[in-house]
Number of protein chains: 2
Amino acid sequence: MTGAPRAGTGTNQEAVRRHNLGTLLRHVHDSGEVSRAELTGRMGLNRSTIAGLVTELDELALIEHASPATGRRSAGRPSAGVRIREDGPYVVAVDLGVDRATVARVGLGGRVFDRATATIPPEPEAWQVGATIAGLVKQVVTTTGPDAALLGIGVAVPGLVRRSDGLIRHAPNLDWHDVSFGSIVLAALSLDVPIALGNDADLGALSEQRRGAAVGVGDLVYISGNVGVGAGVMSGGRRLEGVAGYAGEVGHLYHDPRGGPCHCGSRGCWETVVGAPAIAEALRCSADQVPRLGDILDEMSTAPRELRPIAMDLGRGLAAVVNIFNPSIVILGGYFLPLFRLCRAEVTAGLAERALVPARDSVRLTLPGLGKDSVLLGAAEMALEPVFVDPVASLAGAVTDASARLAG
Amino acid sequence: MTGAPRAGTGTNQEAVRRHNLGTLLRHVHDSGEVSRAELTGRMGLNRSTIAGLVTELDELALIEHASPATGRRSAGRPSAGVRIREDGPYVVAVDLGVDRATVARVGLGGRVFDRATATIPPEPEAWQVGATIAGLVKQVVTTTGPDAALLGIGVAVPGLVRRSDGLIRHAPNLDWHDVSFGSIVLAALSLDVPIALGNDADLGALSEQRRGAAVGVGDLVYISGNVGVGAGVMSGGRRLEGVAGYAGEVGHLYHDPRGGPCHCGSRGCWETVVGAPAIAEALRCSADQVPRLGDILDEMSTAPRELRPIAMDLGRGLAAVVNIFNPSIVILGGYFLPLFRLCRAEVTAGLAERALVPARDSVRLTLPGLGKDSVLLGAAEMALEPVFVDPVASLAGAVTDASARLAG
């Protein structure tokens, strides 16, 4: 009879210790290098507990000791610091776009070690894309050392992902319905590793809040402007998900009744007016140039006249976003990054035309702090999440010989 | 030196006790009659602690003992129940519409004791409306017994209310900017009592979630369809507020570029197509009939043909709401209540035309559980909120002779 309560208490203590391990690791992940004194203050634990947790994370090869950075030194004796170990475990992040996929190997701390890109053909079959992505994963994983552990894979998807199981319910611009894409990728890799899927804009918002343009901001919207347009929304510090995870589909706001058909099955959606095909048409790009649209826009130093009406319509649609979510920051990602850079006046004018003044007065439009990598790094953050909940369990489920297995 | 820690501990214990008092009161408020056994289970406190809290709330004249309702009796000895005291304290709820104001005296438990209504003239001055509302408040308060305590006043407003201080930043259809309406009402009453202001749709969502069509629902949208159109959104169980409290302004979604000017300063907003003036025009109501529009719609048993295009546009706009918030319930309040009752097929068809299938599959359109009183009762819930945080402090700030003072 005495064994059970003891075991219960022991299990509970173990759960608390793992929670603290994960929380400490997240602090180091978020901040880069942190002193023990800072950790003591942030976590509300005493110095010896912090020292014990640091030792254990060190033994797990997740962090390493560092001399404190000069700028962080507080009064008195400098506190020894810790930082992420570069040769520690990693995740694979996948940014699946409609016309291009980018895959990266990302370590704790958000560091990108390797990346690879491939073109996605029009109206692709899911298994084809799965094979393409598996190839890219092999490229970035086989460059790692033999001992580094693969914690998991995170995939950003341009569509509606069901929160409960990661099923892609609908990706309009890929014409995918009810695709279990996680399983397809794992089958193509012959690997059994945790895989998580999320909506691209939601993941852009996540990484921009964690280490981009919106650190410490509770109410923000990340707009992904690609072939489709979507929003990732944080409200009061929490992600707006909706009942099944589909919230934020602003690309299908009614915008132009004379507008063309949308892949969603409707007409005149905002994304038909401001998405990549509309930008490409305005610039008279041929169909085969559309995948290069980002580069074409990047190379421009001034806006051709044809872009300006699209920028106005970008601003008008953003007005709806601002009226509906009342964010303090709207981050313009994807092709909207160069479009905003080139046509800031038109975007701002479009916003002013339709936003309610109090909501407009509260908001700032801005470029992503992570540039073109917001969505990719958000996919990495999603894949890293379990290691901050329970590092021991996450490492136990990791694949330690991924490099060798995928090279074979 | 020993005094300070003791006082500190005492204060802390007192804070916990007041918190428990408020929480117990909220359970009784939400459920009507509750047994002590249920309270013990819900609050995770032992029977003697519950008994002590019940005694104190009884002494504060907030609740009274009741024999347990038959249906709630659990196995074994029936547990003595408690319920809200009818002669206990009350709040005044104000539903300020663009053409009509309703004021009610509401007790704990959400019971409406008295109500009064007045017409609001077009383009009214805030002080005029304040005087009108003060008159209605007097009507409903002077019928109370001399001992009942007025806890506070809650006002639902058709516009943007700044969360930090309750300032009406913009009420487009009243043409009000930066109006400190709470102060105006209190000055007209010569009373010093807590007054809170909130957006009408937000308050509709609050009351529908607490005791209406969405009890236990985490992701819901309440749409208020009046002269203007707004949304109150709950996501993951929490109100979507935005950084300053202005979130949910769906009435100004771009809907019809051929549409007329909107009071917000823009054109073709959804509310210009589906709001009360559009409905009135379709029904060929004269301007002086518009305040009676609700009654006119209520008296109809079948929809005149002219209403059907408006119902389609209601559904099309709801598609945006569904795509953006992915709620499990959308509650149609205000004039949309009779419109949905009369034209359910058209509203549903409009929704189907533009909503993404996965989001549409997750949602149910429904009528308010509280009928036309959702917003009014939401204003009451807002005014009652402090008594659930700390009943002792709330009663200390109440006005006990409001009836006599307002009659004089």
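Residues numbered from 1 in each chain as written. Chains lettered and ligands numbered in written order. Predicted model: local features only at pLDDT ≥ 70, side-chain atom pairs only at ≥ 80, totals over all residues. Heavy atoms only, no water.

**What about the environment of Tyr222(B)?**
Residue and element names in this part refer to chain B.
Part 1 of the argument: Relative to the helices and strands, Tyr-222 resides in strand β12 (residues 220–225).
Part 2 of the argument: Taking C-alpha positions, Tyr-222 is 6.2 Å from Ala-201, a pair spaced 21 residues apart along the chain.
Part 3 of the argument: Each residue touching Tyr-222, except ones within four places of it in the same chain, is listed here: Ala-201, Gly-204, Ala-205, Glu-208, Gly-230, Ala-231, Gly-232, Ile-331, Gly-333, Gly-334, Ser-374 and Val-375. (Helix = DSSP H or I, 4+ residues; strand = E, 2+ residues; numbered from the N terminus. Contact = heavy atoms within 4.5 Å.)

**Brief notes about the side chain of Thr144(B)**
All names here are of chain B.
Part 1 of the argument: Note on placement: Thr-144 falls in the loop between α4 (126–141) and β7 (150–157).
Part 2 of the argument: Thr-144 sits in the buried class, given a relative accessible area of 8%.
Part 3 of the argument: Within the local environment of Thr-144, its side chain forms a polar contact with the backbone oxygen of Val-141, the two atoms lying 2.7 Å apart.
Part 4 of the argument: Ignoring anything within four residues of it in the chain, the contact list for Thr-144 reads Tyr-90, Arg-105 and Ser-403. (Buried < 20%, exposed > 50% of the residue type's maximum accessible area, 1.4 Å probe, protein only. Polar contact = N/O pair within 3.5 Å; in protein donor to acceptor, adjacent residues only side chain to side chain.)

**A look at the relation of the copies chain A and chain B**
Part 1 of the argument: Superposing chain A onto chain B takes a rotation of 180° plus a shift of 0.0 Å along the axis, which leaves an RMSD of 0.0 Å. Between the two chains, the operation in question is that of a two-fold axis. (Least-squares fit on C-alpha atoms with pLDDT ≥ 70 in both.)

**Description of the domain arrangement of chain A**
All names here are of chain A.
Part 1 of the argument: Here chain A is partitioned into domain 1 (3–84), domain 2 (90–202 + 374–407) and domain 3 (214–368).
Part 2 of the argument: Using C-alpha coordinates to define each centre, domain 1 is positioned 29 Å away from domain 2.
Part 3 of the argument: Each side of the interface is counted separately: domain 1 has 13 residues, and domain 2 has 14 residues.
Part 4 of the argument: Summing both sides of the interface, domain 1 and domain 2 together bury roughly 1,100 Å²; the carbon and sulfur share of this comes to 67%.
Part 5 of the argument: In terms of surface lost to domain 2, no three residues of domain 1 exceed Arg-18, Arg-26 and His-29, which account for 51% of the buried area on that side. (Domains from an automatic or database assignment. Buried area = accessible area lost by both parts, 1.4 Å probe.)

**Points about the interface of chain A and chain B**
Part 1 of the argument: With 42 residues of chain A at the interface, the matching set in chain B holds 42 residues.
Part 2 of the argument: Roughly 3,500 Å² is buried in total at the junction of chain A and chain B, and carbon and sulfur atoms are behind 59% of that figure.
Part 3 of the argument: Inspection of the chain A/chain B interface yields 2 salt bridges.
Part 4 of the argument: Here Asp361(B) and Arg169(A) are joined by a salt bridge, their closest N and O atoms 3.8 Å apart.
Part 5 of the argument: Viewed at the interface, chain B and chain A are joined by 20 residue pairs in polar contact (both at pLDDT 80 or more).
Part 6 of the argument: Of the residues that constitute the side of chain A that touches chain B, the class distribution is 19 nonpolar, 14 polar and 9 charged. (Salt bridge = Lys/Arg side-chain N within 4 Å of Asp/Glu carboxyl O. Nonpolar A, V, L, I, M, F, W, Y, C, P; charged D, E, K, R; others polar.)

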